[in-house]
Amino acid sequence: MARATLKRTVIAGGQVYDHDGDTDQPAVADILIEGDKIARIGKGLARRAAGARIVDAAGKLVIPGFVNAHYHSHDVLLRGSFENLPTEIWFMYALPPSYPKRSKREVRARTLLAAAEAIRNGITTLQDMLTILPFDPEHLDLVLDTYAEVGLRVVFALQFADLRALDRVPYWRECVPKKFQDKLVAAADTSGVKVDPMGNVEAAYRANKDRHPRLHWALGPTNPAMCSPASLARVAAFSDEHGLPVYTHFYQSRAEAVAARRLMTKSEGSLAAFLKSVGLLNRRLTLAHSIWVAPDEINEITNAGAGVVLNIASNMKSKGGIPPIREYVAAGTRIALGSDNSACSDAQNMFQQMKLLASMAAVSDPEPGPPSAADALRYATLGGAATAGLDHTIGALKPGMKADLSILDLSASSFLPLNSAARQLVFTEGGGSVESVMVDGEFVMWKRKLTTIDEAALKAELKAVMPVLRRDAAQVAARNAKILPHLLEAHRRSWSDDLGMDRYVGRYRS
Ligand SMILES: [Zn+2]
């Protein structure tokens, strides 16, 4: 977007959170924003910036916008629908392959709803790994236009798979009767329909790469076990050619580790070695979940410069186990945080993710140690930015970086008394104190009012689209009820294979 003259804003007199400064009592400073960037941070800038809009931030805390590094917008409207479903079974209830094609109206409503929630919780960048099934370029256009209109920054990947789940999820073929087998699908399964999903991805990128200034492209093969080596090699080549980040799910469940041992025999049962063999294990790769990772794989990932995005809320909800948080910290692995699907975790809220990360580390190792609250804040901002190669652009409040930030009310109960901004952001705050949110120098929420989303109209749209979705979800649930005992049997069997490690806390062993 061309700007004749740079718009100037000064956020004046707030406590400005600096990852490298005093994270307990952040210093009071003014932030001068010119156009979409932070120009200066210091004292007395408000007095000297003639013609600038002055935002009084006395009594406020200014923090970098959160980067939610793992999220999917396809199932937002099913939030609160499920519990007690292990990962592979949850796929069958919640994800697009089980559902008929959605209406454009529904696609727009779900994209807007989660964007509104994200902004209210101080998220300025979403990594949306979206499944569109059947693929429809008009749905893609609609989603990208919706993000452009809302003003959020988005790291966008079309999620795809080209193998059927039936032979990739352990024990599904053995446990599920033949008459149900054609219903078995995973996150982005095309159910045997002959399509070229990576071809769609390449065409989508070429057609839309410069579509709007806050759109950053990425690649999203759903999971190494669900994609053929040929398609993953194509992803690696496309990523190399265009410098695109790659996100994939990685050891999200115990079943995925069992699958790796059985299917990746040429790579000695290691998903990390398999990803290396197809050319994907490099600094552009980010591995979502990364729970059932073996110790030598942690080193392999870290040495290659690849990173992990941890989604603790989603993992606990879907019985995934606890990732080896302390081991990643000790190895120096790049760490980011994500909220994952609204139909799983069930919130687009990085305060929850930070608290869970810091708390879970405490029960995965009896020795006190990192990550600290300040570390969690780094992962939720700079760590997420690094997954897309944007850590010199967003994730911290520094001159030269984009003006993506939130202004929080320090008179909110979470911060009384203010003993430590970092600890109270991570362990006390839930999002209610977020007053104003800026992306690219523009306020997308100003004093708790969203400036780009008409929330009353959105609520009316939800009323209009939910009856059809509820009807479809009920049909999916009725169909799945007949298959559920068999899926549970497959799930139990996947716990019987010995992996030589555990990712559950306190599991009784006689
Ligand atoms: Zn995911």
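One structure accompanies this document, and this report is about it. (Residues numbered from 1 in each chain as written. Predicted model: local features only at pLDDT ≥ 70, side-chain atom pairs only at ≥ 80, totals over all residues. Heavy atoms only, no water.)

### Brief notes about the overall build of the protein
- The number of helices and strands found in the protein is 18 helices and 18 strands.
- Taken over the C-alpha trace, the protein has a radius of gyration of 22 Å; the compact-globule value for 510 residues is 24 Å, and the two agree within 12%.
- Overall size of the protein, expressed as C-alpha extent along the three principal axes, is 75 × 50 × 45 Å.
- Expressed as a percentage of its 510 residues, the buried residues of the protein come to 61%.
- In the protein, once contacts between residues fewer than 6 apart in sequence are set aside, the share between residues at least 24 apart is 77%.
- Per element, the accessible surface of the protein, about 19600 Å² overall, is 53% carbon and sulfur.
- Distance between charge centroids for the protein: 3 Å, based on 61 positive and 55 negative side chains. (Helix = DSSP H or I, 4+ residues; strand = E, 2+ residues; numbered from the N terminus. Rg over C-alpha atoms; globule rule 2.2 N^0.38 Å. Buried < 20%, exposed > 50% of the residue type's maximum accessible area, 1.4 Å probe, protein only. Contact = heavy atoms within 4.5 Å. Areas by Shrake-Rupley, 256 points an atom, 1.4 Å probe, with all protein chains shown as cover. Lys, Arg positive; Asp, Glu negative; His and termini not counted. Charge placed at Lys NZ, Arg CZ, Asp CG, Glu CD.)

### Observations concerning the coordination of the zinc ion
- Looking at the zinc ion, one finds its protein donor set to be His 70 (NE2), His 72 (NE2), His 249 (NE2) and Asp 340 (OD), positioned 2.1 to 2.6 Å from the metal centre.
- Every donor counted, the four donor atoms about the zinc ion form angles of 84 to 171° at the centre, which fits irregular coordination.
- Considered as a linear motif, the donors of the zinc ion on their single chain read H-x1-H-x176-H-x90-D. With a gap of 177 residues between them, His 72 in the loop between β6 (66-71) and α2 (87-94) and His 249 in strand β11 (residues 246-250) connect regions that are remote in the sequence. (Donors = N, O, S within 2.8 Å, 3.2 Å for Na, K, Ca; no water. Tetrahedral: all angles 85-135°; square planar, octahedral: opposite > 155°, others 65-115°.)

### Focus on the pattern of salt bridges
- In total, this model carries 33 salt bridges according to the counting rule given.
- The salt bridge involving Asp 167 is made with Arg 173; its shortest N-O contact spans 2.5 Å.
- Residue Asp 167 is classed as partly exposed on the basis of its relative accessible area, which comes to 43%.
- A salt bridge links Lys 183 to Asp 182, with the nearest nitrogen and oxygen atoms 3.8 Å apart.
- Bridged by salt links that share partners, the residues Asp 36, Arg 153, Arg 214, Lys 402, Asp 404 and Asp 440 form one connected network. (Salt bridge = Lys/Arg side-chain N within 4 Å of Asp/Glu carboxyl O.)

### Considerations on the packing of helix α3 (residues 104-120) against helix α18 (residues 455-494)
- The geometry of α3 relative to α18 is characterised by a closest axis approach of 9 Å and an angle of 130° between their N-to-C directions. When the axes of α3 and α18 are compared, the pair comes out oblique. Here the hand of the crossing between α3 and α18 comes out left-handed. Taken together, the residues of α18 that come into contact with α3 (itself represented by Arg 105, Glu 106, Ala 109, Leu 112, Leu 113, Ala 116 and Arg 120) are Glu 455, Leu 458, Glu 461, Leu 462, Ala 464, Val 465 and Leu 469.
- Among the residues forming the contact of α3 with α18, the class breakdown is nine nonpolar, no polar and five charged. (Axes fitted to C-alpha atoms, helices over the stretch in contact; angles between N-to-C directions. Parallel < 35°, antiparallel > 145°, perpendicular 65-115°, else oblique. Left-handed = near helix turned anticlockwise from the far one by under 90°. Nonpolar A, V, L, I, M, F, W, Y, C, P; charged D, E, K, R; others polar.)

### Digging into the packing of aromatic side chains
- This model, assessed by the stated rule, comprises ten aromatic pairs.
- Their ring planes at 85° and their centres at 5.1 Å tell us that Phe 66 and Phe 351 sit as a pair that is edge-to-face. In this pair, Phe 66 sits in strand β6 while Phe 351 sits in helix α15 (residues 350-364), placing the two residues 285 residues apart along the sequence.
- Under the relative-accessibility criterion, Phe 351 is labelled buried at 1%.
- Members of the aromatic cluster, each reached through a chain of ring pairs, are Phe 156, Tyr 205, Trp 217 and Phe 238. (Phe/Tyr/Trp six-rings, centres within 6.5 Å; stacked < 30°, edge-to-face > 60°.)

### Points about the sheet that holds β11
- Strand order in the open sheet formed by four strands is β11-β12-β13-β14, with parallel pairing between adjacent strands. Each of the sheet's edge strands pairs with one partner strand only, and the pair in question is β11 and β14 (334-337). Neighbouring strand axes in the sheet, compared pairwise and without regard to direction, differ in orientation by 30° on average.
- Sheet topology places strand β12 (residues 285-289) next to strand β13 (residues 307-310); three bridges connect them, and they run parallel. Note on β13: the bridge partner recorded for Thr 286 is Gly 307. (Pairing = 2+ DSSP bridges.)

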